[in-house]
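Structural overview
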Amino acid sequence: MHREYELTSLEIEVLMCLEENKCQTKKDLLETYIRSYSTIEEEAFTQRLKNIYKKFQITGKGYKLPQLHKYLTEKYIQHQNKDIFFSEIGLTYIYPTFPRDIFEKEIDNVIRSDNQEHKRVDILQTFAPNLNDYFEHLTQCIKNDVQVRILLAWPYSEAAKLRENVLRRYASNTISDEINICDCVIANLETLEKIIRALDNPKLLDIKLYDTLPSLAIYRAGDYMLAAPFLHGSLAINTFQLELKLNTSNQLIAHTLQKDFELMWQVARRFYPDPNKNWRNDLKILFTS
Amino acid sequence: MIEAINSFEISLIEKFRSHPLFIQIDAIAWHDVLEILIQRRFLSLSIVNIYEFVIDALADQQIKRTVRGILNEEYPRNTKGIPLPSHRELLFQDLLNLGATSEMILTTPETPVTQMVRDESYKLMISCLGEKYYQVGLVAFLRFWAEVLVSVEYSCLWQRISERLSNEQSNHKIRSEFYYFHMIHDSRNSDVGKESFLGGLTHSQELAIHLQRLISSEDALLYCINLEGIAYQLKYRFYDQFIVPQLGMRPSLTECKAIQLLSEL
């Protein structure tokens, strides 16, 4: 708070004294201050208080000290509520970009978990530029009884084309100028095809494609989730990531995001890049037939 | 204004589906079905030239991009740049799976009618050059000749093709990798101007978007309608060759040659 109001260290001392002792008058506060902190002339103390009132914009009529006290108490409660609120809704951290290693560890936790309910990994993206990074992890997931669901954009959808145009036009880095979402989704499907080939038709790998607009990019491993927006200016993995715990008392975010994932999963169409088939043809007509 | 081309197309498609060959498709001997498909392959092979011609003749960059995109799909690659079987190879494979031999496919000569259809189609495109509405005309011709009617043709022929190939619903038959997919992704699917935002676009619809954009006057509309009508007639004549008027369904190509020889005598 002292940074927000540009308080000096001596002014902070006065506020701390006020909060600790709940003094109602200036005289009480001065005496307590002298006793607990340091000696000060009354005139200097009055001046210090005036500066504090000014910084907190305590300008109302009547005694200003009770007004200051009330203001500080309200601020404190608000601050405390915020803390409780964020932990209650499961928001544990915000990363500047996608924390690759952390998500790897969370996948490892899911692989090792004995709780069958935790043994699920979900990814919702238009295309996942980092999918190849998790080739080994996803393979291990399937080998260890973890259900993996991948939800990507149907590359021939108008929504995918729109996202491509937005990135080309507005994203700041040069990679985005050349971005071709169709190729990027197909590259993801080629990665999944490699997993299918390596594991001989795994039943625990489920892939679906959607022709609508995605809500947020979601990477979920058990009760752990990273969610990021599809901004105009960058890929979802290159912007801030909300780290969320899903088993929280307040389900405001966790439930909403999971529900939306399930809805998209429901309207999306299953697609299986079978290494023994000419799946690119099937891909082209997935939503046409 | 665009409604006129929609109702025209629907009536042409209806007439095309009623071609005597398609009406009697179930009665044709399997060997003759293969001969029809082998002749039809010559038109498929000519598609690349038709597309290349249109790309070179167009000035509008937006349509060029769409036409180029569709043409490139004929020669797919994976994202590492490695070439995958082309649509031509898939056609060849489908024909083999239908029971044609490699020799039949490779050595059967193109009939004069098939050749005429190819030549006249090419000449028709050349005749567009220099015309006031040549760009929209080329798009209208390309869309109707190489996409809309192709899908209609394969959907009529699918009745027989599906005896031996599947669209993956069946486990007992080999999958069609060429006919089925072209039947779906070339299809007209909606009226011009009614393309849905969801569900993606077929080749016909991708081109229809340009058609709607470029048909700016009644004259342009009539020009397109006329070209679609000629495209229809050419394709109709292609299937006419397999019908002998006096004898009903033409028995086989060999016998047809005999009839031709007799008439020349």
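Residues numbered from 1 in each chain as written. Chains lettered and ligands numbered in written order. Predicted model: local features only at pLDDT ≥ 70, side-chain atom pairs only at ≥ 80, totals over all residues.

1. Digging into the interface of chain A and chain B
The criterion, for reference: We call two residues in contact when the distance between their C-beta atoms, placed using the backbone, is within 7 Å. The helix and strand labels rest on DSSP assignments: H or I over at least four residues marks a helix, E over at least two residues marks a strand, and numbering proceeds from the N terminus. Classes in brief: Ala, Val, Leu, Ile, Met, Phe, Trp, Tyr, Cys and Pro nonpolar; Asp, Glu, Lys and Arg charged; the others, Gly included, polar.
If you look at the interface, chain A gives 18 residues, while chain B gives 13 residues. Listed by contribution, the elements that provide at least two residues to the side of chain A that touches chain B are helix H9 (181–199) and helix H11 (279–284) of chain A. Here the element with the most residues in the side of chain A that touches chain B is H9 of chain A; it accounts for four residues. Classifying every residue of the side of chain A that touches chain B by side-chain character gives six nonpolar, six polar and six charged.

2. As for the confidence of the model for chain B
Residue and element names in this part refer to chain B. Inclusion rule: A residue's pLDDT is the confidence the predictor assigns to it, expressed on a 0 to 100 scale.
With 91% of its residues at a pLDDT of 70 or more, chain B has an overall mean of 91. Low pLDDT (under 50) marks residues 251–265, which in the prediction has seven contacts with non-local residues, meaning those over four places away or in another chain. In the predicted assembly, ipTM is 0.77 and pTM is 0.76.

3. A closer look at the nonpolar core
Across soluble globular proteins, nonpolar side chains have a tendency to be buried as a group. What counts is decided by this rule: For the purposes of this analysis, a nonpolar core is taken to be any set of buried Ala, Val, Leu, Ile, Met, Phe, Trp, Tyr and Cys residues that are connected through C-beta atoms within 7 Å. As a rule, residues whose C-beta atom has 12 or fewer other C-beta atoms within 10 Å are exposed, those with 20 or more are buried, and those in between are partly exposed; C-beta atoms are placed from the backbone.
Core analysis: the largest hydrophobic core is formed by 62 residues, its most contacted members being Phe141, Leu142, Leu211 and Cys224 of chain B. Top contributing element to this core by residue count: helix H8 (residues 134–161) of chain B, with 17 residues. Residues within four places of Leu142 of chain B in sequence aside, it is in contact with Ile50, Val54 and Leu207 of chain B. In terms of nonpolar packing, the next biggest core, distinct from the first, is built from 53 residues, Val121, Phe127, Leu209 and Leu286 of chain A among them.

4. A look at the packing of helix H1 (residues 3–17) of chain B against H8 of chain B
In a packed pair of helices, the relevant descriptors are the angle between the two axes and the axis-to-axis distance. Residues and elements named next belong to chain B. Defined as follows: All axes are obtained by fitting lines to C-alpha atoms, using only the stretch in contact for helices, and the reported angles, taken between N-to-C directions, cover 0 to 180 degrees. Roughly parallel means an angle under 35 degrees; roughly antiparallel means over 145; roughly perpendicular covers 65 to 115; every other angle is labelled oblique. Crossing handedness is read from the near helix: turned anticlockwise from the far helix by less than a right angle, it gives a left-handed crossing, and turned clockwise, a right-handed one.
Between H1 and H8, whose axes approach to 10 Å, the crossing angle comes to 30°. In terms of their interaxial angle, H1 and H8 are classed as roughly parallel. Handedness of the H1/H8 crossing: right-handed. Each of Glu9, Ile13, Phe16 and Arg17 in H1 lies in contact with H8, whose residues at this interface are Val148, Leu149, Val152 and Cys156. Taken together, the residues of the contact of H1 with H8 break down into six nonpolar, no polar and two charged.

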